[in-house]
Amino acid sequence: MTNTKTNTKTKIINAAIRLFSQRSYESISMRNIADEVHISGPALYNHFENKQTLYIAAISESFKDKAELLLQAMTGQAKPIKSLEHYVKQLSVILLDDPEFRLLMQREMLEGDEDRLRYMAQEIFGPSFQRLLDILIELKPDCDAHGLAIMIIGMIQKPLEFNPLYRFFPGSQQQHCNPTYITRQVMAILSVYFGENA
């Protein structure tokens, strides 16, 4: 593949990520994406055979490096509680630093296409989620690791997701969306749950 073709493909994927994070899958056409990249429709189809193929490429591009960062955050720590803390911090940073990723994730949850959600869960986030489960079981063998993992992700994600609304609530502070603050709060709750294992 030539550099020009590679660059065009990258531009197409980046445009798709941007558009799909702003609007629903159904409302975006291949023509919209071609216009965004300033290429013709036929030129777009030289790179991607259909919208679903392009969408999966955009999801993979947007999410795959995030999943790798999460996996790395949990690797090489002396204690499982430290691996968990690094995971919480890394996920907070990812969600704060990449609003397109956060919006794309929210949109996927809302649209609920089973094939795409299965692909994300198994192919993209599967290894990092399994590592999280292993850590939780190591910390508390009798826990419901799956349920607990989902709650941990929710504790990290929701402050950032709800920020447009709850920043207007009484007592709201800017630090409530800071990754260090979120990590400290989540780990304080989890330390109580894990008790002496933490």
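Remember, predicted model here, so these are calculated numbers, not experimental data.

## Brief notes about the overall build of the protein
Point 1. When its secondary structure is counted, the protein shows 11 helices and zero strands.
Point 2. Judged by the C-alpha coordinates and their principal axes, the protein covers about 60 × 40 × 30 Å.
Point 3. Here the protein, with 198 residues, has 40% of them falling under the buried criterion.
Point 4. Working note: accessible area of the protein is about 10900 Å², and carbon and sulfur atoms make up 54% of it.
Point 5. Of the charged side chains in the protein, 21 are positive and 23 negative; the average position of the first set lies 6 Å away from that of the second.

## Quick notes on the confidence of the model for the protein
Point 1. Looking at the protein, pLDDT values average 88 and 96% of them are 70 or higher.
Point 2. When mean pLDDT is taken per element in the protein, helix 8 (residues 126–139) scores highest with 95 and helix 6 (residues 99–111) scores lowest with 80.

## Some remarks on the pattern of salt bridges
Point 1. The tally for this structure, following the rule as stated, stands at eight salt bridges.
Point 2. In this structure, the salt-bridge partner of aspartate 35 is arginine 31, at a minimum N-O distance of 2.9 Å. Here aspartate 35 and its partner arginine 31 are both found in helix 2 (residues 30–37), four residues apart, which amounts to about one turn of the helix.
Point 3. With a relative accessible area of 41%, arginine 31 lands in the partly exposed category.

## Observations concerning the nonpolar core
Point 1. In this structure, Ile33, Leu44, Leu54, Phe63, Leu84, Leu136 and Ile156 are the most contacted members of the largest nonpolar core, which totals 58 residues.
Point 2. For this core, the element with the highest residue contribution is helix 4 (residues 51–73), accounting for eight residues.
Point 3. Not counting residues within four places of it along the chain, the set of residues in contact with isoleucine 156 comprises Tyr87, Val88, Leu91, Ser92, Leu95, Ile182 and Val186.

## Some thoughts on the side chain of serine 128
Point 1. Within the element layout of this structure, serine 128 appears in helix 8.
Point 2. With near-sequence residues (within four places) excluded, serine 128 lies in contact with Ala67, Leu70, Leu71 and Met74.

## Considerations on the layout of surface pockets
Point 1. The space that makes up the largest pocket amounts to roughly 510 Å³.
Point 2. Met105, Met109, Phe125, Phe129 and Ile153 are, among the 20 residues lining the largest pocket, the residues nearest its centre.
Point 3. Taken together, the elements giving at least two residues each to the lining of the largest pocket come down to helix 5 (80–97), helix 6, helix 7 (114–124), helix 8 and helix 9 (145–161).
Point 4. Residue contributions to the lining of the largest pocket peak at six residues, all from helix 9.

## Looking at unusual backbone geometry
Generally, phi is negative for residues other than glycine and the peptide bonds are trans, each holding for most cases.
Point 1. Here histidine 38, not a glycine, exhibits a phi torsion of approximately 65°, which is positive.
Point 2. For histidine 38, the location among the structural elements is in the loop between helix 2 and helix 3 (41–47).
Point 3. Its relative accessible area of 73% is what places histidine 38 among the exposed residues.

## Focus on the environment of glycine 41
Point 1. Tracing the backbone through its elements, the reader meets glycine 41 in helix 3.
Point 2. Exposure remark for glycine 41: the relative accessible area of 10% places this residue in the buried category.
Point 3. As for glycine 41 and methionine 30, which are separated by 11 residues in sequence, their C-alpha atoms are 7.1 Å apart.
Point 4. Other than its neighbours up to four places away in sequence, glycine 41 contacts Arg31 and Ala34.

## Here we look at the packing of helix 6 against helix 7
Point 1. In the contact formed by helix 6 and helix 7, the axes pass within 9 Å of each other and the chain directions differ by 130°. Here helix 6 lies oblique to helix 7, going by the angle between them. Considering the relative orientation of helix 6 and helix 7, their crossing is left-handed. Residues Met105, Glu108 and Glu111 of helix 6 lie in contact with helix 7, whose contacting residues are Arg116, Leu117 and Met120.
Point 2. Tallied by class, the residues present in the contact of helix 6 with helix 7 amount to three nonpolar, no polar and three charged.

The rules behind the values
- Residues numbered from 1 in each chain as written.
- Predicted model: local features only at pLDDT ≥ 70, side-chain atom pairs only at ≥ 80, totals over all residues.
- Heavy atoms only, no water.
- Helix = DSSP H or I, 4+ residues; strand = E, 2+ residues; numbered from the N terminus.
- Buried < 20%, exposed > 50% of the residue type's maximum accessible area, 1.4 Å probe, protein only.
- Areas by Shrake-Rupley, 256 points an atom, 1.4 Å probe, with all protein chains shown as cover.
- Lys, Arg positive; Asp, Glu negative; His and termini not counted.
- Charge placed at Lys NZ, Arg CZ, Asp CG, Glu CD.
- pLDDT = per-residue confidence, 0-100.
- Salt bridge = Lys/Arg side-chain N within 4 Å of Asp/Glu carboxyl O.
- Core = buried A, V, L, I, M, F, W, Y, C linked by side-chain atoms within 4.5 Å.
- Contact = heavy atoms within 4.5 Å.
- 1 Å grid on protein atoms, 1.4 Å probe; cavity = no way out; pocket = protein on both sides within 12 Å on 5 of 7 lines; lining within 4 Å.
- Points joined across faces, edges and corners; volume = space filled by probe spheres on them.
- Axes fitted to C-alpha atoms, helices over the stretch in contact; angles between N-to-C directions.
- Parallel < 35°, antiparallel > 145°, perpendicular 65-115°, else oblique.
- Left-handed = near helix turned anticlockwise from the far one by under 90°.
- Nonpolar A, V, L, I, M, F, W, Y, C, P; charged D, E, K, R; others polar.

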